[in-house]
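Structural features, examined
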Amino acid sequence: MKVLFIGHFSNSEDVQVGASAAGDSVQRRIVTSLKCISNAEVNAVAQRPAKSWPKGRFIFRRAQDSYAIYPITINVAFVRDFVFAIYCFFTILMQRPGKVVQYNSYFFVNVFVVFASILTKSHTTIIIQDHRSGELFKYFDRLHDRVASKLVRFYKVAVPVTEPLAFELALKENSYYVFPGAMEYDRPFESQGGKCKATTSANSIVSSSDRKLTIVFAGALEKHNGICKLLDAWKVIPDNYELIVYGKGGLKQYVAEIAQSLPNVTYRGYANKDVIHQEMMQSDFNVCFRFSDGIDERFFFPSKFFSVNCYPGFALVNNFSGLPREFQEVGFVINDDMSNIVEVLESKVMDLKKKTVKRQEYLFGNYSWSKLFVNVFNGTNS
């Protein structure tokens, strides 16, 4: 079975300014998962995300890494998108894959992939994890996604990130499969010592420990990620909890000022994924919040959710739209007004560990790209 994956992610050997580390990671994970499917011969092509010329490089030469082929790109707005779409069209015609998997909706790519699939009778699947809606996005970006979405119904199967997004896209029943994303790693991380292995009695209250407990927030510093709500709540958090913030964004200055005024808040700016990984391996809590502040949260699902829940530290997650019901039922979900955050932070260590194990068992058992593709390719979408 020939499978062609069409994505928008970075050449691993030449990541450009403007690329999304989360987007790159998810799509590389998809490529790897497709290759694990029995009898699948997988090829991938990708458009490199980068700031367009003149802010970025004018031209990118053809490149290839272990994940994909990156065709030559004239890095000018509109031109690069059109040229990449043409490249996808001819790639489908020449390779004639049985399955085409596309990540996210782009107008030119949608047009040419649909056209090519009609000619080759390829089975097309489009994964839609971003649909820009809300004041955070420019008018043209919102317009582009609305126009491009009109073509989604012509794919054999659409995979929207939430049920409300499926409704927004006017997808027909039995033509889509709701899937918010997949776990970033193959299995949960085990504590490697340090803060996660602190010598605290399993039945004691965490806050009674003399050691400093760390909470890591890593992500875009924007209202929809809850950084403002978290910092507002931090004024009543016990002093032995230290909040460590990584990231950049529109609220960078605000976060830096709060960090200067509160002794148990540290802002460390932007850091690469390896640095954050090591920090999260040692932290007691990791944060993943999502709110409809500047975006419509119904049309998004934080990919970070599938990362923070892999770590030994307890994941602080609010009840955002699309949060799986089974995950909610495990408990200890943070209220949107942060009214119970102190209660959760001060829970017994053993209770937090038990909740983490239950969460991870559920997530690793139900959210994998391989399982999604098996269902979609076998026609068991719903």
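The model shown is predicted, which means the values in this text are computed figures rather than measured ones. (Residues numbered from 1 in each chain as written. Predicted model: local features only at pLDDT ≥ 70, side-chain atom pairs only at ≥ 80, totals over all residues. Heavy atoms only, no water.)

1. A short note on the overall build of the protein chain
Stated precisely, the cut-off is as follows: Strands are runs of DSSP state E lasting at least 2 residues, helices are runs of H or I lasting at least 4, and numbering of each runs from the N terminus. Here the radius of gyration uses the C-alpha set of atoms, whereas the globule reference equals 2.2 Å times the residue count to the power 0.38. Burial here depends on accessible area, computed with a 1.4 Å probe over protein chains only, as a share of the maximum for the residue type. Under 20% is buried, over 50% is exposed, and the range in between is partly exposed. Should any heavy atoms of two residues lie within 4.5 Å, those residues are counted as being in contact. Accessible surface is estimated by sampling points in the Shrake-Rupley manner with a 1.4 Å probe; for residues, cover comes only from the protein chains shown. Only four residue types enter the charge count, namely Lys and Arg as positive and Asp and Glu as negative; His and the chain termini do not. We put the charge of a Lys on NZ, of an Arg on CZ, of an Asp on CG and of a Glu on CD.
Counting secondary structure elements, the protein chain contains 13 helices and 14 strands. The C-alpha radius of gyration computed for the protein chain amounts to 22 Å, which stays within 12% of the reference 21 Å derived for 382 residues, consistent with globular compactness. Overall, the C-alpha framework of the protein chain stretches about 65 × 45 × 35 Å when taken along its three principal axes. Split into buried and exposed, the 382 residues of the protein chain put 53% on the buried side. Summarising the internal contacts of the protein chain: among those between residues at least 6 apart in sequence, 70% fall at separations of at least 24. Accessible area of the protein chain: about 17,900 Å², with a carbon and sulfur share of 52%. Counting 45 positive and 36 negative side-chain charges, the protein chain places the centres of these two groups 7 Å from one another.

2. A look at unusual backbone geometry
Backbone torsion omega between Trp53 and Pro54 reads 15°, so that peptide bond is classified as cis. Note on placement: Pro54 falls in the loop between β2 (41-46) and β3 (59-60). Here the phi dihedral of Arg96 falls at roughly 45°; this positive angle occurs in a residue that is not glycine. Examined against the element boundaries, Arg96 turns out to sit in the loop between α2 (79-95) and β7 (99-103). Positive phi outside glycine occurs at Asn174, with the angle close to 70°. When you line up the elements, Asn174 lands in the loop between α5 (163-168) and β10 (213-218). Residue classification places Asn174 among the exposed positions, given a relative accessible area of 56%.

3. A short note on the sheet that holds strand β14 (residues 314-317)
Filter applied, for reference: Two strands pair under a simple rule: DSSP has to find at least two bridges between them. Fitted lines through C-alpha atoms serve as axes, helices being fitted only where they are in contact, and the angles separating the N-to-C directions of these axes extend from 0 to 180 degrees.
Strand order in the open sheet formed by five strands is β12-β11-β10-β13-β14, with parallel pairing between adjacent strands. If you trace the sheet from one side to the other, it starts and ends with β12 (265-267) and β14, each paired once. Mean inter-strand twist for the sheet, computed between neighbouring axes without regard to direction, equals 25°. The pairing of β10 with strand β13 (residues 285-288) spans two bridges and is parallel. Counterpart to Val216 in the pairing with β13 is Asn286.

4. Remarks on the nonpolar core
What counts, and what does not: Buried Ala, Val, Leu, Ile, Met, Phe, Trp, Tyr and Cys residues that are joined via side-chain atoms within 4.5 Å together make up what is termed a nonpolar core.
Of all hydrophobic cores here, the largest spans 82 residues; its most connected members are Phe5, Ile6, Ile30, Leu34, Phe305, Trp369 and Phe373. Ignoring anything within four residues of it in the chain, the contact list for Phe5 reads Gln27, Ile30, Val31, Leu34, Asn43, Ala44, Val45, Val101 and Tyr103. The next biggest cluster of nonpolar side chains, apart from the first, holds 33 residues, and it includes Ile237, Leu251, Val265 and Leu316.

5. Looking at the packing of aromatic side chains
The following threshold applies: Only Phe, Tyr and Trp rings are paired, with Trp represented by its six-membered ring, and only when their centres lie within 6.5 Å; those with planes under 30 degrees apart are stacked, over 60 edge-to-face, the remainder tilted. For a lysine, the NZ atom is tested; for an arginine, the CZ atom; a charge sits over a ring if that atom is within 6 Å of the ring centre and within 35 degrees of the ring normal.
All chains considered together, the criterion is met by 29 aromatic pairs. With a centroid separation of 6.0 Å and an interplanar angle of 35°, the aromatic rings of Phe179 and Tyr367 are classed as tilted. Of this pair, Phe179 sits in the loop between α5 and β10 while Tyr367 sits in the loop between α12 (349-366) and α13 (369-377), and the two are 188 residues apart along the sequence. Each member of the pair Phe179 and Tyr367 is classed as buried. Ring plane angle 25° and centroid distance 5.4 Å describe the contact between Phe301 and Phe306, whose orientation is recorded as stacked. Just as Phe301 is buried, Phe306 falls in that class too. Across from the ring centre of Phe291, 5.0 Å away, lies the NZ or CZ of Lys229, which sits over that ring.

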